[in-house]
Amino acid sequence: MSEEKIMKEVIEHIAKCRPGLTSRPRFVGRDEEFESNRDVDAVREFLESKPQALERDFVIDSIRSRYREDPPDCEVFDCQGKKWGFELVELVDESYARALGGQRPYFKPKLYDSESLTGSLQTLLDRKARKPGDIRGTPYFKLVLLILTDEPALGFELCEEVFHSHNFRRPEPWEMAYLVFPPSTSNGGTFQFGQLNYR
């Protein structure tokens, strides 16, 4: 089997088995209802999969999208009545996602190394920095930034290396930031995440 045919089959398999972020990236069109529902689903999945990431015994009481009232994108009340704000952003190779959407199966996904991943993450963090007055619905107990990714060529081992070796500039006012991988075929169907360390 030729290398070209193998690459085509691999990317078609990725498109079928990883129908999350790469199949409907935010930057292709705007559907507010779809996006707000997806934001809520992403936050709920994060909290239900790894509640110990934020607080011991974290239990969701209610969660809602803030629609056009962002930032933050979502607010969550826990069982103790504390209000949390969650902002979401995606780490995605736009060229690759557009190629998938345009049915260009030979387009190769971006390959990351430690330097390029660190730079991409810091760019996203800087882009999400806000002045205190820009945050609506205050006060919040904590403000959390979730960086969602489903990049097919990005391994979680590399991410863990970056988590442990690099301290990022903190994007005010987000007190915590996490890189989040949804369940997929490539990671055995498990939900993975890592906290970014601030300077």
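Going by the structure above, here's the rest.
Predicted model only: the values in this text are computed from it and were never measured.

**Structural notes on helix H4 (residues 114–127)**
Here H4 is 14 residues long and its end C-alpha atoms lie 20 Å apart, about the 20 Å a rise of 1.5 Å per residue gives. Taken together, the buried positions of H4 are Leu-117, Thr-118, Ser-120, Leu-121, Gln-122, Leu-124 and Leu-125. At its buried positions, H4 is contacted by strand S3 (83–91), strand S4 (142–149), helix H5 (156–165), strand S5 (167–168) and strand S6 (176–181). At the N-terminal end of H4, a side-chain oxygen is found 3.2 Å from the backbone nitrogen of Glu-115, two or three residues along, and the residue is Asp-113.

**Here we look at the packing of aromatic side chains**
Summed over all chains, the structure comprises four aromatic pairs. Their ring planes at 70 degrees and their centres at 6.2 Å tell us that Phe-156 and Phe-163 sit as a pair that is edge-to-face. Overall, the relative accessible area of 12% leaves Phe-156 in the buried class. Relative to Phe-181, the ring of Phe-156 lies with its centre 5.3 Å away and its plane at 85 degrees, an arrangement referred to as edge-to-face. You can see Phe-156 sitting in helix H5 and its partner Phe-181 sitting in strand S6, a full 25 residues away along the chain. Feature note: the residues Phe-156, Phe-163 and Phe-181 constitute an aromatic cluster, connected by ring pairs. Sitting over the face of the ring of Phe-141, Lys-82 holds its NZ or CZ atom 4.4 Å from the ring centroid. One Lys or Arg, Lys-142, reaches over the ring of Phe-141 and ends 5.7 Å from the middle of that ring.

**Re the pattern of salt bridges**
Across all of its chains, the model carries seven salt bridges by this definition. Arg-38 is the salt-bridge partner of Glu-90, the closest N and O atoms lying 2.9 Å from each other. With Glu-90 in strand S3 and Arg-38 in helix H2 (residues 32–49), this pair connects stretches of sequence that are 52 residues apart. With respect to burial, Glu-90 and Arg-38 carry one shared label: buried. Here Glu-87 makes a salt bridge to Lys-128, at a shortest N to O gap of 2.7 Å.

**Here's the deal with the side chain of Glu-87**
Topologically, Glu-87 is positioned in strand S3. Taking relative accessible area as the criterion, Glu-87 reaches 2% and is therefore assigned buried. Here the side chain of Glu-87 touches Asp-73 through a polar contact of 3.0 Å, landing on its backbone nitrogen. If near-sequence neighbours (up to four positions away) are discounted, Glu-87 is found in contact with Pro-71, Pro-72, Asp-73, Lys-128, Val-144, Leu-145, Leu-146 and Trp-174.

So, how was this worked out
- Residues numbered from 1 in each chain as written.
- Predicted model: local features only at pLDDT ≥ 70, side-chain atom pairs only at ≥ 80, totals over all residues.
- Heavy atoms only, no water.
- Helix = DSSP H or I, 4+ residues; strand = E, 2+ residues; numbered from the N terminus.
- Expected span 1.5 Å × (residues − 1).
- Buried < 20%, exposed > 50% of the residue type's maximum accessible area, 1.4 Å probe, protein only.
- Contact = heavy atoms within 4.5 Å.
- Polar contact = N/O pair within 3.5 Å; in protein donor to acceptor, adjacent residues only side chain to side chain.
- Phe/Tyr/Trp six-rings, centres within 6.5 Å; stacked < 30°, edge-to-face > 60°.
- Lys NZ or Arg CZ within 6 Å of the ring centre and 35° of its normal.
- Salt bridge = Lys/Arg side-chain N within 4 Å of Asp/Glu carboxyl O.

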